[in-house]
Amino acid sequence: MNTKNDKPLQHRRSKQLRERAFFFKRLAIGAADPKFSAKLQVLVDEYEREAARATLELEQSTNPLQTAPPGDTPEHRTGRG
């Protein structure tokens, strides 16, 4: 699998999901019927959850392994500094 080509697709998918969530959120706010608004809110939540997952997958593919603990510097590992 070519990850170089997958990153722009993942980024586009995440953006598309967020745009859909925003769209349905606006519809839910403007809906006159509370039951219809509640159904739209379910869609909003679903799209936001999928967008968050897509963003997380994109971040994980960008930084697959972060083995160094936070604050760890090359000086700490070599004993110099």
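Look a little higher up for the structure.
Residues numbered from 1 in each chain as written. Predicted model: local features only at pLDDT ≥ 70, side-chain atom pairs only at ≥ 80, totals over all residues. Heavy atoms only, no water.

## A short note on the overall build of the protein chain
Stage number 1. Along its length, the protein chain carries 3 helices and 0 strands.
Stage number 2. For the protein chain, the sequential pattern of α-helices and β-strands runs α-α-α.
Stage number 3. Out of the 81 residues belonging to the protein chain, those deemed buried represent 16%.
Stage number 4. In the protein chain, 56% of the contacts between residues at least 6 apart in sequence involve partners at least 24 apart.
Stage number 5. Carbon and sulfur atoms form 56% of the exposed surface of the protein chain, whose accessible area is close to 6,800 Å². (Helix = DSSP H or I, 4+ residues; strand = E, 2+ residues; numbered from the N terminus. Buried < 20%, exposed > 50% of the residue type's maximum accessible area, 1.4 Å probe, protein only. Contact = heavy atoms within 4.5 Å. Areas by Shrake-Rupley, 256 points an atom, 1.4 Å probe, with all protein chains shown as cover.)

## Considering the pattern of salt bridges
Stage number 1. With the rule as written, the count across this model stands at 2 salt bridges.
Stage number 2. Where lysine 25 meets glutamate 48, a salt bridge forms, and the shortest distance between an N and an O atom there is 3.4 Å. Within this pair, whereas lysine 25 is found in helix 1 (residues 3-30), its partner glutamate 48 is found in helix 2 (residues 34-62), the two being separated by 23 residues in sequence.
Stage number 3. We classify glutamate 48 as partly exposed; its relative accessible area is 32%.
Stage number 4. The shortest N-O distance in the salt bridge between arginine 53 and glutamate 50 comes to 2.6 Å. Here arginine 53 pairs with glutamate 50, and both are found in helix 2, just 3 residues apart, close to one helical turn.
Stage number 5. For glutamate 50, a relative accessible area of 26% gives the class partly exposed. (Salt bridge = Lys/Arg side-chain N within 4 Å of Asp/Glu carboxyl O.)

## Focus: the packing of aromatic side chains
Each aromatic ring pair is described using two quantities: the centre-to-centre distance and the angle formed by the ring planes.
Stage number 1. Tallied over the full model, the rule gives 2 aromatic pairs.
Stage number 2. Each ring, one from phenylalanine 23 and one from phenylalanine 24, has its centre 5.3 Å from the other, and the planes form 75°; the classification is edge-to-face.
Stage number 3. Residue phenylalanine 23 is classed as partly exposed on the basis of its relative accessible area, which comes to 48%.
Stage number 4. Looking at phenylalanine 24, the relative accessible area reads 18%, which means it is buried.
Stage number 5. Plain terms: the ring middles of phenylalanine 24 and tyrosine 47 are 5.7 Å apart, the flat faces sit at 5° to each other, and that makes the pair stacked. (Phe/Tyr/Trp six-rings, centres within 6.5 Å; stacked < 30°, edge-to-face > 60°.)

## Considerations on helix 2
Stage number 1. Taking 1.5 Å of rise per residue, the 29 residues of helix 2 would be expected to cover 42 Å, and the 42 Å separating its terminal C-alpha atoms lies within 8% of that figure.
Stage number 2. Ser37, Leu40, Val44, Tyr47, Ala51, Ala54, Thr55 and Leu58 are the residues of helix 2 that are buried. (Expected span 1.5 Å × (residues − 1).)

## Some points on the environment of isoleucine 29
Stage number 1. Structurally, isoleucine 29 can be placed in helix 1.
Stage number 2. A relative accessible area of 70% means that isoleucine 29 is categorised as exposed.

## Regarding the nonpolar core
Stage number 1. One finds Leu17, Ala21, Phe24, Ala28, Leu40, Val44, Tyr47, Ala51 and Ala54 forming the largest nonpolar core, which totals 9 residues.
Stage number 2. At 5 residues, the largest contribution of residues to this core is made by helix 2.
Stage number 3. In contact with leucine 40, other than residues within four places in its own chain, are Phe24, Leu27, Ala28 and Ala31. (Core = buried A, V, L, I, M, F, W, Y, C linked by side-chain atoms within 4.5 Å.)

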